[in-house]
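# Topology and contacts: notes
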Amino acid sequence: MSLLAAGALQGFHCCPFTWQCHSKGSHEGRPGMGLTAVIFLLVLASRHQPTAGVGHDPLLVVDDYEDGGIRLKCLSERLFSEAQLLWTDSRGDNITGTPLSADTGTAGVSSSIVLKAGSGNSMSCRILDKQLKTSTESSVAIADAFFPSTSPWLAAFVVILLLSIFLVLAAIYKIRNNNKEITRAQNARKQIEQDIDELKRKLDEQKRRFEKENVRNELKFRKARSNAVNITLDQTCKHPNLCISDDKRRVKSADKKETALKAMVVATEGFPDKKHYWEVEVGNQSQWELGVVSENVRNMIMNNMGISPPVNGLFSLQYSQGKYILTGREDVSDCKQCSVVGVLLDVESSELSFYSVEEMSPLGSVVLEFTGKLYPFFSPDSSGKWLGVRPVKPQTYDPLPQGEKEINK
């Protein structure tokens, strides 16, 4: 007897006696299970007339997709103790199935097997009755189109997908690197801007400090000039190699071979107290020395005008080889050479200060240790050029800004 049944692949029960296929329900979401395709099943049922009794054909069930194939179930009303179930492929070879029930005493004979594509696409289930020595058989054939298969476009799709993922990751990596570079450049730019602002701030601060210092120096210079006195040179207290002008205000070396720094002339005026200021035109002489000597040193020079003055009791500013040197100290200033030097003697504060008149800035100061009066002295170089005291004339200064007037208050 033969049976041709039509139905969907998803869990159809094919019964050769009722000529019907019963669906077990859809399998949504599983590969290939959403199709409502029609599977044509060719069930060939063969019964051998038993010697006694009547047998029933086994029930074949197309159950589900599994492990790259289709699982088939074979069910029978016979008990395991009464019958034996065998699977046979299209070549007639026996295949071992998997029992569906572990109870071999009271359960009916049942088994399942997975039919793979390319294995003949047909399978037979045979029931052997141990007592009646009869057999019944049901067969099923499934077309290759209904087996799970890999689409030829899947490999290309996977390659394209992987390539797309790689390109996306590469783009993300590139964007992140670019963002890092942009962030790093922005941070570097901010740091440079901060450094520039800091340098500007420091420069402005130094500029304000420098301006304040210049204002202080100018104020000190103005106050120093307010103590100007008249100075004349003493003809009786000078080195023999020095020549004094008729107005007793200028001196020069008469012997150009003599070391001029050892030859000096002392002023007539001596100061025991208060503040006194005078200015000396040194011109462009390569070396000179200005300052004050104590009364003891002045008397020593007057008594023996050919000797060099002693170190003690002499306080001066010396210019030589482009450097300013104060008594008892090393080079104290890098100021450019000036042509007029201002000298302030502050007896009350025991301090002798020197100024660049052109710059209105200090050149340095010396602390005084003495007894009696202090006398100005002058020592020119050996070039034969005049070095002289010039009168201090009142000068008109530009008014200071209002903010700078408060510096010394």
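Residues numbered from 1 in each chain as written. Predicted model: local features only at pLDDT ≥ 70, side-chain atom pairs only at ≥ 80, totals over all residues. Heavy atoms only, no water.

## Things to note about the pattern of salt bridges
Counted according to the given criterion, the structure contains 16 salt bridges. Lysine 73 serves as the salt-bridge partner of aspartate 63, at 3.7 Å between the closest nitrogen and oxygen. Of the two residues, aspartate 63 is situated in strand S5 (residues 59-66) and lysine 73 in strand S6 (residues 69-79); the sequence distance between them amounts to 10 residues. Classification of aspartate 63 as buried rests on a relative accessible area of 11%. Among the residues examined, lysine 73 registers a relative accessible area of 22% and is labelled partly exposed. Where arginine 390 meets glutamate 279, a salt bridge forms, and the shortest distance between an N and an O atom there is 3.0 Å. Here arginine 390 is found in strand S26 (residues 387-390), whereas its partner glutamate 279 is found in strand S17 (residues 275-281), with 111 residues between them in sequence. When its relative accessible area of 22% is taken as the criterion, arginine 390 is described as partly exposed. One salt-bridge network, in which partners are shared between bridges, spans Glu198, Arg201, Glu205 and Arg209. (Salt bridge = Lys/Arg side-chain N within 4 Å of Asp/Glu carboxyl O. Helix = DSSP H or I, 4+ residues; strand = E, 2+ residues; numbered from the N terminus. Buried < 20%, exposed > 50% of the residue type's maximum accessible area, 1.4 Å probe, protein only.)

## Let's talk about the nonpolar core
Within the largest apolar cluster, 34 residues are counted, with the highest numbers of intra-cluster contacts made by Trp278, Trp288, Val341, Leu345, Phe354 and Phe378. Not counting residues up to four positions away in its chain, the partners in contact with phenylalanine 354 are Leu290, Gly291, Ser316, Leu317, Leu326, Val341, Gly342, Val343, Pro362, Leu363, Gly364 and Val366. If you look at the next biggest cluster of nonpolar residues, it comprises 19 residues, including Val62, Cys74, Ile127 and Phe147. (Core = buried A, V, L, I, M, F, W, Y, C linked by side-chain atoms within 4.5 Å. Contact = heavy atoms within 4.5 Å.)

## Re the state of the cysteines
Summed over the entire model, instances satisfying the criterion amount to one disulfide. A sulfur-sulfur distance of 1.7 Å marks the disulfide that ties cysteine 74 to cysteine 125. Its S-S torsion of about -80° marks the bond between cysteine 74 and cysteine 125 as left-handed, since a negative value means left-handed. With cysteine 74 in strand S6 and cysteine 125 in strand S11 (residues 122-129), the pair connects residues that are 51 residues apart, well separated along the chain. (Disulfide = S-S within 2.5 Å.)

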